[in-house]
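Working through the structure, step by step
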Amino acid sequence: AVEFKQSLITSGLSNITINKFIGKLSGLFDYIQAHYEHSNIFDGLKIKRAKQETTRTAYKKQEAQELIKFADKQQQHHKFMILLGLFTGCRANELAQLYTSDLVKIEGVWSILIQATKPDQKLKTKNASRIVPVHSELIKQGFIEFVKSRGQECRLFPEFKYSPVDGCSKAFVQWFIQHKPVAKTYHEIRHSFATQLRAHDVSLNVAAQLLGHG
C-alpha cells in the first residue's frame, strides 16, 4: 500500500487526486475488513495538507436578502449573475458562458441548459451537464425579458470576455470581490442553494442533478 502511494506521488498527480485514490481503496478495505477480517492497509495513508482550505459557509438569510437588494441596484448583467447564482446554484462560469439559446421551454417550464456545445463553453465535470428550471423569482425579476432582449444565438453575458484558461467568469468574480455587500465569496452562494434544498427536504438524487454532482 505504501509503495502504491509512492508510485502515485512520483507520477506527478496532485495531492487531492492521490487522496481520492487512497480514499476509494480505503473504502474497499473497510468492506474487506468487515467481512473477511483483514486489516485496512490503506487506513491513515492519505496525504495531510500542510495548509487547510478556507472553510466555505452558506449565506445566512439576512445576508441573502442583502445580496438581493444589492443586485437590484446593479447593471442587468451583474444583477442577473447574482440572482441566477442564488436561484439556480450554478457555478459562476456555468452562468457567465451561457448563450441565449441555452434558455428553453421544456414542457411549459423555462429551463437553463448547462452544457458545453460552443467553443467558448466548458464544464467542470461530466456530471455538470444538466437542466436547471428557472425559479419563479427570476421570472418575476424579468429574467426572461432580459434574455430575449439579448438576441438569438449569442452570448447572454457578452460583457464577460472568454479566456481559454479562465473561461468567462473571471471578470465577474473580480468585480464581485470588489463590490460584494457581505464578507462571503460568490461560490458560497452555491452552498446556500444546497442548504436550501436540504431545508426543503429535496431528495439527494434531485439535489445532485440540480447541482451537477455525481
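What you are looking at is a predicted structure, and each value in this text was computed from that prediction instead of being measured.

Some points on the overall build of the chain
- Broken down by element type, the chain carries 10 helices and three strands.
- Along the chain, helices and strands appear, N-terminal first, in the series α-α-α-α-α-β-β-β-α-α-α-α-α.
- Dimensions of the chain along its principal axes, counting C-alpha atoms only, are 65 × 40 × 35 Å.
- Taking all 214 residues of the chain together, 40% fall into the buried category.
- Taking as baseline every contact in the chain between residues at least 6 positions apart, the subset at least 24 positions apart corresponds to 60%.
- When the accessible surface of the chain is split by element, carbon and sulfur atoms take 53% of a total near 13,100 Å².
- The averaged location of the 19 negative side-chain charges in the chain is 4 Å from the averaged location of its 30 positive side-chain charges.

Focus on unusual backbone geometry
- If you check the backbone angles, E153 has positive phi at about 50° while not being a glycine.
- In this fold, E153 is placed in the loop between α7 (143-149) and α8 (170-179).
- With relative accessibility at 54%, the residue E153 sits in the exposed group.
- The backbone of D201 shows a phi angle near 55°, a positive value even though the residue is not glycine.
- One can find D201 in the loop between α9 (187-199) and α10 (204-211).

Re the side chain of K5
- With respect to the helices, strands and loops of the structure, K5 is situated in helix α1 (residues 2-10).
- Buried charge without a partner: K5 forms no salt bridge, and the closest opposite charge is D43, 12 Å away.

What to know about the pattern of salt bridges
- Within this structure, the stated rule accounts for six salt bridges.
- A salt bridge links E94 to R91; the nearest nitrogen and oxygen atoms lie 2.7 Å apart.
- What makes E94 buried here is its relative accessible area of 3%.
- In this structure R91 comes out as buried when scored by relative accessible area, which is 13%.
- Two residues, R130 and E94, come together in a salt bridge whose shortest N-O distance is 2.8 Å. Pair noted here: R130 is in strand β3 (residues 130-133) and E94 is in helix α5 (residues 92-96), with a separation of 36 residues, a long-range link. For the pair formed by R130 and E94, the shared burial category is buried.
- Bridged by salt links that share partners, the residues R91, E94 and R130 form one connected network.

Section: the packing of aromatic side chains
- Using the criterion set out here, one finds 13 aromatic pairs in the structure.
- Ring geometry for F146 against F157: centres 5.9 Å apart, planes inclined by 35°, an arrangement best described as tilted. Of this pair, F146 sits in helix α7 while F157 sits in the loop between α7 and α8, placing them 11 residues apart in sequence. Grouping residues by exposure puts F146 and F157 together as buried.
- Members of the aromatic cluster, each reached through a chain of ring pairs, are F70, F80, F143, F146, F157, F160, F172, W175, F176 and Y186.
- Residue placement shows K118 over the ring face of Y99; its charged tip is 4.8 Å from the ring centre.
- Directly above the aromatic system of Y59 lies the positively charged group of K184, at a separation of 6.0 Å from the ring centroid.

Let's talk about the sheet that holds strand β2 (residues 109-114)
- Spatially, three strands are ordered β1-β2-β3 in an open sheet, and the strand pairing comes out antiparallel. If you trace the sheet from one side to the other, it starts and ends with β1 (103-106) and β3, each paired once. Taken over all neighbouring pairs, the strand axes of this sheet differ in orientation by 40° on average, direction set aside.
- Pairing of β1 with β2 involves four bridges; the strand directions are antiparallel. Each residue of the ladder has a partner; that of L103, found in β2, is I112.

Parameters and conventions
Residues numbered from 1 in each chain as written. Predicted model: local features only at pLDDT ≥ 70, side-chain atom pairs only at ≥ 80, totals over all residues. Heavy atoms only, no water. Helix = DSSP H or I, 4+ residues; strand = E, 2+ residues; numbered from the N terminus. Buried < 20%, exposed > 50% of the residue type's maximum accessible area, 1.4 Å probe, protein only. Contact = heavy atoms within 4.5 Å. Areas by Shrake-Rupley, 256 points an atom, 1.4 Å probe, with all protein chains shown as cover. Lys, Arg positive; Asp, Glu negative; His and termini not counted. Charge placed at Lys NZ, Arg CZ, Asp CG, Glu CD. Salt bridge = Lys/Arg side-chain N within 4 Å of Asp/Glu carboxyl O. Phe/Tyr/Trp six-rings, centres within 6.5 Å; stacked < 30°, edge-to-face > 60°. Lys NZ or Arg CZ within 6 Å of the ring centre and 35° of its normal. Pairing = 2+ DSSP bridges. Axes fitted to C-alpha atoms, helices over the stretch in contact; angles between N-to-C directions.

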